[in-house]
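# What the coordinates show
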Amino acid sequence: MNVAIAGYSTTKFTLGQPSIENLLVSATKELFQNTKNLSQKDIDAVLVSTNNNKKYLAPILSELTGITPKIAQSIENMCNSGANSIVSGYSYIASEMADIVLVVGAEQAENSAQVLDWDVSRGEFTHPIFWGTMFTKAHKRKFGTTEEELAYVSALNHKNAQDNPAAYNTKAYTIEDIMNSKRLTEDLKLLDCSRSCSGSSAVLLVSENLAKKYTDSPVFISGIGQKTTSASFTKNDLTRLDSTIDAANQAYSMARIKADQVDVAEVHDAFSICELMILEDLGLVSKGNAGKLVLELYKTNDKKINPRGGLIGSGHPLGATGIAQIAEIASQLQGMSAKRQVKNAKIGLVQNMSAAATSSTVLVMRN
Amino acid sequence: MSFESELRQGRFTVGECEKCHKTSWPPSEFCSNCFGNLKYRPVKEPGILLECSSKDGTIFGIVKFEDSIKIIGTINGNVEQKPGQMMRVASCDFDKSPKFTFTKS
Ligand SMILES: [Zn+2]
């Protein structure tokens, strides 16, 4: 059974602090408004993607939106929760346990539940900037990556975010602004980092035979790859994201495509260095050359990578990020992305990951 | 005896399986290979520096001990070291998280 995306929504990301219920309901309301013929009674499963500590959110969301699903549950897997939830929804439909699955992701900006406090191998250096800085330093050392190349990653994402009405920040930044932004560590500046924010996003998954009832242009999930290598940052090789390499190979193989067939991609740029490593490890460019690719994308106004502005440009509401990435690629493949539109996009890719890439999900989508 | 309680005494230890003799890192109650009981013993030094960086003048780095025990700590004396440098533990403690200071071996 093929699985289609028949609707999606993303609310405006902000630095405010709406309740988690408000965030979940807002994305759901918007999805219902965007999707023709959709009725609450159609929905077999409600999956909530969040790191929030509140309990029982999928039944709560269902009740607040008048849905009485067979299946209702939360999925938490740090920053990768969104793509993981979509894979779970896909599985329910592929196994014919459900025909229609509503997946809603949400996160609040200020929320202690976003922190992974288990990883003792980080010693007292528990904050994500420390793994970000180690990845950056190692990439600089091995491939000669420069601070300017890293600044272009941030510039590209912020530039793309200007055309994304859901982005938390649509300000323009010059390379100088980025290079001169506050230095957080020897290898990371403030504008190299994505920022935790509040936001929500929803995707409606349906079995292929029902897709046309809800949309004139369904988008299909044609490849899925997932890999967990560990939960400890220090188990990683510092210049390579092994979980992303493995997940990408699985997804390409299932979709029967090669990396060079990807027309548009949303990748998990938690820090600028992550985008470079991901582009290399997805095979979109050879190892050590992602900096040059990003510079070219920037100079030619090419929106192929992170058309919505990625995590750095749009903001990073953890549980919503993967869903918002998927919503963007669905919109791109439908030709509905307005000023962000990549011309003639037929094959799209989403890469979402958690905790210094100790786990990754890669999805291939087609129209 | 556990990783945390030993660390509070300034001793850096690793669990070695009583059945299959493999070490388990990060610290755990049972062997991650065969679920056998672990016996905590001192980690063999020196280790090797894999990477380092700094924040506000404090240099920190990842050091690998034996084949698989990797941990982030402060570099003693704030002297930048190159990856590949042999390092030993100058001090260690536990207060909410493990705290390590490494020094050039
Ligand atoms: Zn064992």
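From a predicted model like this one, the values you see are computed outputs, not experimental measurements.

## Overview of the coordination of the zinc ion
Residue and element names in this part refer to chain B. Coordination sphere of the zinc ion, protein contribution only: C17 (SG), C20 (SG), C31 (SG) and C34 (SG), at 2.3 to 2.4 Å. Considering all 4 donor atoms around the zinc ion, the spread of angles at the metal, 97 to 117°, places the coordination shape in the tetrahedral class. Within one chain, the residues donating to the zinc ion are spaced in sequence as C-x2-C-x10-C-x2-C. On the criterion of sequence distance, the pair formed by C20 in the loop between β1 (13–17) and β2 (23–24) and C31 in the loop between β2 and β3 (38–42) is long-range, its members being 11 residues apart.

## Examining the domain arrangement of chain B
Residue and element names in this part refer to chain B. Structurally, chain B comprises domain 1 (3–42) and domain 2 (47–104). Each of domain 1 and domain 2 has a C-alpha centre, and the two are 20 Å apart. The interface of domain 1 with domain 2 comprises 12 residues on the first partner and 12 residues on the second. Surface buried jointly by domain 1 and domain 2 totals about 1000 Å² across both partners, of which 69% is contributed by carbon and sulfur atoms.

## Here's the deal with the packing of aromatic side chains
In this structure the tally under the stated criterion is 13 aromatic pairs over all chains. With 5.1 Å between their ring centres and 85° between their planes, F130 of chain A and F60 of chain B make a pair best called edge-to-face. Residue F130 of chain A is found in helix α4 (residues 128–143), and its partner F60 of chain B is found in strand β5 (residues 58–65); the two belong to separate chains. Accessibility assignment for this pair places F130 of chain A and F60 of chain B in one class, buried. When the centroid spacing of 5.1 Å and the interplanar angle of 70° are considered together, the rings of Y152 of chain A and Y298 of chain A count as edge-to-face. In this pair, Y152 of chain A sits in helix α5 (residues 147–161) while Y298 of chain A sits in helix α10 (residues 290–299), placing the two residues 146 residues apart along the sequence. Through pairs of rings, three or more aromatic residues link up here, namely F3, F12, W25, F65, F100 and F102 of chain B.

## Some details on the interface of chain B and chain A
Counting residues at the interface gives 22 residues for chain B, matched by 24 residues for chain A. Interface of chain B and chain A: buried area, both sides summed, is about 2100 Å²; carbon and sulfur atoms make up 63% of it. Connecting chain B to chain A are 2 salt bridges. A salt bridge links K99 of chain B to E124 of chain A; its shortest N-O distance comes to 3.9 Å. Run the count over chain B and chain A and you get 10 residue pairs in polar contact (both at pLDDT 80 or more).

## Section: the domain arrangement of chain A
Residues and elements named next belong to chain A. Here the domain parsing of chain A yields domain 1 (3–110 + 197–219) and domain 2 (125–189 + 221–366). With centres defined by C-alpha atoms, the gap from domain 1 to domain 2 works out at 23 Å. Carbon and sulfur atoms make up 66% of the area that domain 1 and domain 2 hide from each other, which totals about 2900 Å². Taken together, the connections running from domain 1 to domain 2 amount to 0 salt bridges. On the surface where domain 1 and domain 2 come into contact, there are 16 residue pairs in polar contact (both at pLDDT 80 or more). The dominant element in the side of domain 1 that touches domain 2, judged by the number of residues it contributes, is helix α3 (residues 81–94), at 7 residues. Of the residues belonging to the side of domain 1 that touches domain 2, the class tally is 18 nonpolar, 18 polar and 2 charged.

## Topic: the packing of α3 of chain A against helix α12 (residues 318–333) of chain A
Residues and elements named next belong to chain A. Interaxial distance between α3 and α12 falls to 5 Å at its minimum, and their mutual angle equals 65°. For the pair formed by α3 and α12, the contact residues are S81, G82, A83 and I86 on the first element and G319, G322, I323 and I326 on the second. For the contact of α3 with α12, the per-class residue count stands at 4 nonpolar, 4 polar and no charged.

## Focus: the nonpolar core
Residue and element names in this part refer to chain A. The biggest cluster of nonpolar side chains holds 58 residues, and the ones touching the most others in it are F135, F233, Y252, F271 and L282. Once residues lying within four places of it in the same chain are set aside, the contact partners of L282 are T244, A248, Y252, A259, V267, L349, Q351 and V362. Counting 32 residues, the second largest nonpolar core, distinct from the first, contains L205, I224, A330 and L333.

## Quick notes on helix α9 (residues 272–281) of chain A
Residue pairs three or four apart in sequence face the same way in an α-helix, which turns once every 3.6 residues. Of all 10 residues in α9 of chain A, 10 are buried; the element is thus mostly enclosed. Taken together, the buried positions of α9 of chain A are occupied by S272, I273, C274, E275, L276, M277, I278, L279, E280 and D281 of chain A.

## Considering the confidence of the model for chain B
Detailed reading of the predicted coordinates is not advisable wherever pLDDT falls low. The predicted model of chain B has a mean per-residue pLDDT of 95, with 99% of residues at 70 or higher. Our summary of model confidence lists the complex with pTM equal to 0.97 and ipTM equal to 0.96.

## Some thoughts on the side chain of H139 of chain A
All names here are of chain A. Structurally, H139 can be placed in helix α4. Assessed through its relative accessible area of 1%, H139 is described here as buried. A distance of 3.0 Å separates the side chain of H139 from the side chain of E280, its partner in a polar contact. Ignoring any residue separated from it by four or fewer positions in sequence, one finds H139 in contact with G144, T145, T239, I273, M277 and E280.

Rules of the game
- Residues numbered from 1 in each chain as written.
- Chains lettered and ligands numbered in written order.
- Predicted model: local features only at pLDDT ≥ 70, side-chain atom pairs only at ≥ 80, totals over all residues.
- Heavy atoms only, no water.
- Donors = N, O, S within 2.8 Å, 3.2 Å for Na, K, Ca; no water.
- Tetrahedral: all angles 85-135°; square planar, octahedral: opposite > 155°, others 65-115°.
- Helix = DSSP H or I, 4+ residues; strand = E, 2+ residues; numbered from the N terminus.
- Domains from an automatic or database assignment.
- Contact = heavy atoms within 4.5 Å.
- Buried area = accessible area lost by both parts, 1.4 Å probe.
- Phe/Tyr/Trp six-rings, centres within 6.5 Å; stacked < 30°, edge-to-face > 60°.
- Buried < 20%, exposed > 50% of the residue type's maximum accessible area, 1.4 Å probe, protein only.
- Salt bridge = Lys/Arg side-chain N within 4 Å of Asp/Glu carboxyl O.
- Polar contact = N/O pair within 3.5 Å; in protein donor to acceptor, adjacent residues only side chain to side chain.
- Nonpolar A, V, L, I, M, F, W, Y, C, P; charged D, E, K, R; others polar.
- Axes fitted to C-alpha atoms, helices over the stretch in contact; angles between N-to-C directions.
- Core = buried A, V, L, I, M, F, W, Y, C linked by side-chain atoms within 4.5 Å.
- pLDDT = per-residue confidence, 0-100.

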